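Now for the letters of each chain:
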There are 2 protein chains.
Amino acid sequence: MPSLAGFTATAALLADPARSAMLHALLGGEALTAGELARIAGIAPPTASGHLAQLLAGGLVAVHRQGRHRYHRLASEEVAAALEALGCLAALADGAAPRRRAWPHGEAFRTARLCYDHLAGRLGVGLHARLTAGAWLVPAPGGWRLSGEGAQRLAALGLDLDAARRARRFACDCMDWSERRPHLAGGLGRALAQALLRQGWLRRAAPRADDPFARRRLAPTPEGARVLREAFGLDLAA
Amino acid sequence: MPSLAGFTATAALLADPARSAMLHALLGGEALTAGELARIAGIAPPTASGHLAQLLAGGLVAVHRQGRHRYHRLASEEVAAALEALGCLAALADGAAPRRRAWPHGEAFRTARLCYDHLAGRLGVGLHARLTAGAWLVPAPGGWRLSGEGAQRLAALGLDLDAARRARRFACDCMDWSERRPHLAGGLGRALAQALLRQGWLRRAAPRADDPFARRRLAPTPEGARVLREAFGLDLAA
DNA sequence: GGGCCGCTTCGGCGGCGCGCGAAGCCGCAC
DNA sequence: GTGCGGCTTCGCGCGCCGCCGAAGCGGCCC
């Protein structure tokens, strides 16, 4: 059973406007740099740095260095769950109708979504697992490279592999926030997402003013579900 | 979507040791007076009064006057959910094993438990509903009184109705925290709980040092489940 | 009615922590 | 190497909030 001190310390981390603005920005699942988070929270970089250090020490965010940038993301799904529960409570107190999910990042968001320009959610994680398990992708310095069979089969799905190879990184892992396992980023991840969207196998949700994350939500079309099952053995309903 | 200000205001309510001690004390589902909560939190009555006013304004607790006492309870199940989610998070940050339920007031606790000396949870609420719907209990000033048939059938179950009538209040409602509907309190509620326990139809869980609420948890024996079904049409599994 | 008791309101004190600017560190680009 | 830009550490000021004692209000009991 957690100590009361730990409980209040964690709650205190959420009780500051700047910190909670940062956390809510990270709810989308993308990793953001300290500077971006400072701008979002409307505070100076030194202040943001201090807040992020606290969130890190409190285990609410995790950090990931990349060059001179430091990317921050939510540390675990429990953080998102706590934010959601508290948000639900605050909405009730505001006199809002007693809705159960105050945040729109529910189950639908975890099935398939865009992370930057590549695929995330169960779809992204499942593809990563399938491509590596089937040796379509094989380890390479700094990430992955395509095997001969992998290149052939992905090209057959309409991926622009030449464009993918021109990217700064061809294929690397990106930690999936909701699944806690990696999905595929880099030029290949981008090419994969573009191909599935271009062929009409995935469809983007319509942007909504009241939901800044709607534009990143994805859903497979019936035809797309068939292709994913046949080509990769993926069943998103599972 | 709730405002960020509301979110931080709610989180701030949880970020104080005294307030969160009070809320965790209320997690058991009993309504407690301001004085009891002050003692639990280890603060002076005026300080507790201020905190309770804040929790009330923030919609986290509800209050219920009875004579010169003011009984406080959690305002909604969402409050308990948020406390649990945050507690889970704090336990993770404390380096604990990533358990999912940090608080033991899960489903089992909602099935059947003692509230002071009477029955609560689905069992208590179900009995209340059955007794009133079947006109075993009929409205009376300040609560309920037994109808002739009600008295006969409850006496047949072994209730000490004379002792019940000697209580300050014979039968009145007590709001059930987990079910949001009333269960039966007063002398009759006490007599009911005692009879079911004495006959071995309900069994109390063993006290546990790491779980202050274990001693209030109840479970029907197989024989008890049969009696509850036959006498009241209650099926706790439902 | 008198006294007690539970609870609240008021006023003043003290400390935690949020905020920023200035300065320093480090990786990258030219 | 040199310069730039992202980020952190340091130091200080200020405001918010928790804390209590004293006093006031209202219900209850003898």
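Note that the coordinates shown come from a computational prediction; the quantities given were computed from them, not determined experimentally.

Digging into the overall build of chain A
- When its secondary structure is counted, chain A shows 11 helices and 11 strands.
- For chain A, contacts bridging at least 24 residues in sequence account for 54% of all contacts bridging at least 6.
- Put simply, chain A shows about 11000 Å² of open surface, and 54% of that area lies on carbon and sulfur atoms.

As for the protein's contact with DNA strand C
- The full set close to DNA strand C counts 19 residues, and A:T47, A:H51, A:R68, B:S49 and B:R70 are the nearest of them.
- The sugar-phosphate backbone supplies 72% of the atoms of DNA strand C found within 4 Å of the protein.
- Taking A:H51, its side chain carries an N or O atom lying 2.5 Å from a phosphate oxygen of DNA strand C.
- B:A34 is positioned with one of its backbone polar atoms (N or O) 3.4 Å from a phosphate oxygen of DNA strand C.
- Counting only elements with at least two residues in the surface near DNA strand C, the list comes to α4 (45-57) of chain A together with α3 (34-41), α4 (45-57) and β3 (69-74) of chain B.
- Take the surface near DNA strand C: its biggest share by element is 4 residues, from α4(A).

Observations regarding the sheet that holds β3(B)
Residue and element names in this part refer to chain B.
- Pairing is antiparallel across the open sheet formed by 3 strands, whose spatial order is β1-β3-β2. At either end of the open sheet lies a strand with only one pairing partner, and these are β1 (32-33) and β2 (61-66).
- Packed on one face of the sheet, helix α2 (residues 17-26) meets β1, β2 and β3 and runs near 80 degrees to β3.

Some points on the protein's contact with DNA strand D
- Not every one of the 19 residues close to DNA strand D is listed here, only the nearest: A:S49, A:R70, B:T47, B:H51 and B:G67.
- What you see for DNA strand D is that sugar and phosphate hold 73% of its atoms within 4 Å of the protein.
- At 2.5 Å from a phosphate oxygen of DNA strand D is found a side-chain nitrogen or oxygen belonging to B:H51.
- For the surface near DNA strand D, the secondary structure elements donating two or more residues are α3 (34-41), α4 and β3 (69-74) of chain A together with α4 of chain B.
- Across the surface near DNA strand D, the residue classes break down as 6 nonpolar, 8 polar and 5 charged.

What about the packing of aromatic side chains?
All names here are of chain A.
- Inspection of every chain in the model, using the stated rule, returns 2 aromatic pairs over all chains.
- Arranged with centres 5.7 Å apart and planes meeting at 45 degrees, the rings of W136 and F232 form a pair that is tilted. Here F232 lies in helix α11 (residues 222-232) and W136 lies in the loop between α7 (121-133) and β6 (137-140), a separation of 96 residues in the sequence.
- The exposure class of W136 is buried, given its relative accessible area of 4%.

What to know about the environment of B:V138
- The residue B:V138 is located in strand β6 (residues 137-140) in this model.
- Beyond its immediate stretch of four places on either side in the chain, B:V138 contacts B:W144, B:R145 and B:S147.

Looking at helix α7 (residues 121-133) of chain B
- Over its 13 residues, α7(B) extends 18 Å from the first C-alpha to the last, a length consistent with the 18 Å expected when each residue adds 1.5 Å.
- Restricting attention to buried positions, one finds in α7(B) the residues B:G121, B:L123, B:G124, B:V125, B:G126, B:L127, B:H128 and B:L131.

Points about the nonpolar core
- By size, the foremost hydrophobic cluster in this structure holds 54 residues, and its most contacted members are A:L14, B:L14 and B:L60.
- With sequence-adjacent residues up to four places away left out, B:L60 is seen in contact with A:L89, B:T10, B:L13, B:L14, B:L23, B:L55, B:R73, B:L74, B:A75 and B:V79.

Here's the deal with the packing of α3(B) against α4(B)
All names here are of chain B.
- It is the contact of α3 with α4, at a shortest axis distance of 9 Å, that shows an interaxial angle of 105 degrees. It follows that α3 is roughly perpendicular to α4 by the angle criterion. For the pair α3 and α4, contact is made by A34, L37 and A38 and by P45, A48 and L52, respectively.

Quick look at the pattern of salt bridges
All names here are of chain A.
- Throughout the structure, instances matching the rule amount to 6 salt bridges over all chains.
- Its salt-bridge partner being E149, residue R153 comes within 2.8 Å of it at the nearest N-O pair. Of this pair, R153 and E149 both sit in helix α8 (residues 148-156), 4 residues apart, roughly one helical turn.
- On the accessibility criterion, E149 (41% relative accessible area) is partly exposed.
- One network of salt bridges, in which partners are shared, links E223, R226 and E230.

Here's the deal with the pairing of β3(A)
All names here are of chain A.
- Pairing geometry for strand β1 (residues 32-33) and β3, over 2 bridges, is antiparallel. Across the sheet, residue L32 finds its bridge partner in β3, namely H72.
- With 6 bridges joining them, strand β2 (residues 61-66) and β3 adopt antiparallel strand pairing. The partner of R65 across the bridge, within β3, is R70.
- Counting the residues between successive antiparallel strands, the hairpin from β2 to β3 contains 2 residues, one of them, G67, with a positive phi of roughly 65 degrees.

Quick word on the sheet that holds β3(A)
Residues and elements named next belong to chain A.
- Taken together, the 3 strands give an open sheet; going across it, the order is β1-β3-β2, and neighbouring strands pair in antiparallel fashion. Since the sheet does not close on itself, it has two edges, and those belong to β1 and β2, each with one partner.
- Packed onto the sheet, helix α2 (residues 17-26) meets β1, β2 and β3 and runs at close to 80 degrees relative to β3.

A short note on helix α10 (residues 186-198) of chain A
Residues and elements named next belong to chain A.
- Its 13 residues place the ends of α10 18 Å apart at the C-alpha level, agreeing with the 18 Å of an ideal helix rising 1.5 Å per residue.
- Restricting attention to buried positions, one finds in α10 the residues G187, L188, G189, A191, L192, A193, A195 and L196.
- With its phi angle positive at about 75 degrees, G200 sits one or two positions after the end of α10.

Focus on the environment of B:V79
- As for its position among the elements, B:V79 is in helix α5 (residues 77-93).
- The exposure class assigned to B:V79 is buried, which follows from its relative accessible area of 1%.
- On a C-alpha basis, the gap between B:V79 and B:L60 in space is 6.2 Å, while along the polypeptide they are 19 residues apart.
- With near-sequence residues (within four places) excluded, B:V79 lies in contact with A:L89, B:G59, B:L60 and B:L74.

Procedures and definitions
Residues numbered from 1 in each chain as written. Chains lettered and ligands numbered in written order. Predicted model: local features only at pLDDT ≥ 70, side-chain atom pairs only at ≥ 80, totals over all residues. Heavy atoms only, no water. Helix = DSSP H or I, 4+ residues; strand = E, 2+ residues; numbered from the N terminus. Contact = heavy atoms within 4.5 Å. Areas by Shrake-Rupley, 256 points an atom, 1.4 Å probe, with all protein chains shown as cover. Near = heavy atom within 4 Å. Polar contact = N/O pair within 3.5 Å; in protein donor to acceptor, adjacent residues only side chain to side chain. Pairing = 2+ DSSP bridges. Axes fitted to C-alpha atoms, helices over the stretch in contact; angles between N-to-C directions. Nonpolar A, V, L, I, M, F, W, Y, C, P; charged D, E, K, R; others polar. Phe/Tyr/Trp six-rings, centres within 6.5 Å; stacked < 30°, edge-to-face > 60°. Buried < 20%, exposed > 50% of the residue type's maximum accessible area, 1.4 Å probe, protein only. Expected span 1.5 Å × (residues − 1). Core = buried A, V, L, I, M, F, W, Y, C linked by side-chain atoms within 4.5 Å. Parallel < 35°, antiparallel > 145°, perpendicular 65-115°, else oblique. Salt bridge = Lys/Arg side-chain N within 4 Å of Asp/Glu carboxyl O.

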